[in-house]
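A structural walkthrough
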Amino acid sequence: MNDQAAETSSRWRLRLAQAVANSSGPSLSEVGRVREMNDGVVVVEGLTRAASEEMLTIDQPGGPVSALALSLSLNEVRCLVLGDEAGIAAGAAVRRTGQVLKVPVGDSLLGRVIGPMGTPLDGGGPIVPGDHWPAEREPLTIADRAHVCRPLETGLLAIDALLPLGLGQRQLIIGDRRTGKTTLALEAMVAQSLRGVIVIYAAIGQRASATANAIEHLRQFADFSNVLAVVAGPDDSAGSQWLLPFAATTMAEYWVSHGRDVLIVYDDLVKHAAVHRQVSLLLRQAPGREAFPGDIFHLHARLLERAGQVSASKGGASLSALPIAELQAGNLTAYIPTNLVSITDGQILMDAKLWQSGQRPAINIGLSVSRIGGNAQSPALRKGAGQIRLDYAQFLDLESFARFGGAMEADALLRLEHGKRIRAAMVQKPGKRLSQAGTLAILRAITSKAIDRLPIDQVGAFREQLNLAVGDRTPAIPAAIAAGDTLSDEMAISLDQLISNLLP
Ligand SMILES: Nc1ncnc2c1ncn2[C@@H]1O[C@H](COP(=O)(O)OP(=O)(O)OP(=O)(O)O)[C@@H](O)[C@H]1O
Ligand SMILES: [Mg+2]
């Protein structure tokens, strides 16, 4: 947080604390009036004692709608409408609540699709929340955090073997439009929900059809009783979209505080930044670079800072975050993407060129990094992966050299053929996740070079066969991985046997 933002934030909190302390007095009975309405931002007169970040309610024919006071001056309050703004007219009464903005939390949200304030969007009954918690909460203190030490497996070979993630990690998924970003996050959500992790899909400003597809995918493949989708589409108020990631994180924190691991996917934060810019301009905040307000970095830093692995003394659960960010023409150095890269613990870069070449998921291994997940990788997979990442990087160099017609020695040709098979093994269609044992088995087939005996176009089918067979025919292997064992010689021998039996 920069000094100015920290100062503003503490000033706000002070004013809010004072206001809440006074709120039993006559100030709460103060009624303001809407003076004007502008794309989700309402200017209110006559609320002289309202506090910053205080929740207000605005009367309208369809029932009161919530709003958040964000910009205060002597004679007006600018606030963000957090619901349907269509019915608000000039002159409407605005009342204080004396409370910070709160959102529903609790187990009744599981298996549901809701708006950020808890409005059901799935045609189901009303949500009966266990409680309401503030949408903005302090992140974990350093003392209450522990190292990321447990794996967050996705079932995707490229990630689990080469870019391993850990529970409590914040990993950015970044790439041009339509390069498989959402699908990758969905795979991680499906895999984790089936392992008992609660997964939250926070869809911010996504097209209704894309959101519907994502939710359908989760209904079909995930354990939907562990899923919550929080949605505000491009047609919803700017306030709902702005609030959404904070509200969804609060909903997650409720479960984390009750000892459950939670994974949250923010799809996507570049859209959220655009909404923040729009809102800030309407709130008359000074624009800075690319017309974003100066606090844009702080906005996402304070959001993602809320993720992490909680220390054992505080329950030991974790909040993992997979923010998604759309790039323009692969430009990683644009303002918002660089901010997000610097806030997270690593990034998975989805590459439009790889996508077009048919490499899907289109993960650019060279430009992707997972800074902390390696420590969390299960011991068997860590040993099984060996130096595959290095081999693959060398293969990519070699391949570009070969493209220029460089003369190759026999050994280089073999490495080229081997690398092509690693690449083919990483091509995975949605829904074709590998079990951990399946991942270990295909890694063994790669590192033992057994896979080099296959034609490239059969590598994918072989991986599927191996994934199915390893659970059935060598049940000791999944059990050993689950127990946290490393790859033993006996395991390697039984995998080698399985592999050679399956090879044509
Ligand atoms: N590994 C894959 N193999 C085959 N098809 C895929 C794969 N990943 C994604 N797709 C398909 O590609 C399309 C685009 O994927 P997706 O929506 O995940 O991309 P995106 O980057 O999130 O797009 P947007 O920029 O529109 O949000 C979808 O139809 C999806 O099913
Ligand atoms: Mg998407």
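Parameters at a glance
Residues numbered from 1 in each chain as written. Chains lettered and ligands numbered in written order. Predicted model: local features only at pLDDT ≥ 70, side-chain atom pairs only at ≥ 80, totals over all residues. Near = placed C-beta within 6 Å. Helix = DSSP H or I, 4+ residues; strand = E, 2+ residues; numbered from the N terminus. Nonpolar A, V, L, I, M, F, W, Y, C, P; charged D, E, K, R; others polar. Domains from an automatic or database assignment. Pairing = 2+ DSSP bridges. Axes fitted to C-alpha atoms, helices over the stretch in contact; angles between N-to-C directions. Core = buried A, V, L, I, M, F, W, Y, C linked by C-beta atoms within 7 Å. Buried ≥ 20, exposed ≤ 12 C-beta atoms within 10 Å, placed from the backbone. Contact = placed C-beta atoms within 7 Å.

Let's talk about the site of ligand 1
- Around ligand 1, the surrounding shell holds 14 residues, and the nearest of these are Arg177, Gly180, Lys181, Thr182 and Thr183.
- Counting residues per element, the shell around ligand 1 draws most heavily on helix α3 (residues 181-194), which supplies three residues.
- Across the shell around ligand 1, the residue classes break down as three nonpolar, five polar and six charged.
- Of the residues that make up the shell around ligand 1, three or more belong to each of domain 2 (105-122 + 130-135 + 144-375) and domain 3 (382-502).

What about the domain arrangement of the chain?
- Each domain of the chain was delimited in the assignment, giving domain 1 (3-99), domain 2 (105-122 + 130-135 + 144-375) and domain 3 (382-502).
- Inter-centroid distance (C-alpha atoms) of domain 2 to domain 3 is 30 Å.
- Within the residue set of the side of domain 2 that touches domain 3, elements represented by two or more residues are α2 (157-162) and α3.
- By residue number, the principal contributor to the side of domain 2 that touches domain 3 is α2, which donates five residues.
- A class-by-class count of the residues in the side of domain 2 that touches domain 3 yields 10 nonpolar, four polar and four charged.

Considerations on the sheet that holds strand β6 (residues 93-100)
- Strand order in this closed barrel of six strands is β1-β2-β5-β4-β3-β6, and the pairing throughout is antiparallel. Taken over all neighbouring pairs, the strand axes of this sheet differ in orientation by 45 degrees on average, direction set aside.
- Both strand β3 (residues 54-58) and strand β4 (residues 65-72) contribute to a ladder of four bridges, which runs antiparallel. The partner of Ile58 across the bridge, within β4, is Val65.

What to know about unusual backbone geometry
- Of note, the amide linkage connecting Asp267 to Asp268 takes the cis form, showing an omega dihedral of -5 degrees.
- Position of Asp268 among the secondary structure elements: in the loop between β16 (262-267) and α6 (269-282).
- That bond from Arg360 to Pro361 is cis: its omega, 0 degrees, falls within 30 degrees of zero.
- With respect to the helices and strands, the residue Pro361 is situated in the loop between α9 (352-356) and β20 (369-370).
- The backbone phi angle of Arg284 is positive, close to 65 degrees, even though this residue is not glycine.
- Tracing the sequence through the fold places Arg284 in the loop between α6 and α7 (296-304).
- Positive phi, normally seen in glycine, also occurs at Ala329, with a value near 50 degrees.
- The topology assignment puts Ala329 in the loop between β18 (318-326) and α8 (335-343).

Brief notes about the nonpolar core
- Among the nonpolar cores identified, the biggest contains 147 residues, and Met189, Ile200, Ala202, Val230, Met251 and Ile264 are the most heavily contacted of them.
- In terms of residue count, helix α5 (residues 238-257) provides more of this core than any other element does, 12 residues in total.
- Excluding residues that lie within four positions of it along the chain, Val230 makes contacts with Ile114, Pro116, Ile200, Ala202, Leu244, Ala247, Ala248 and Met251.

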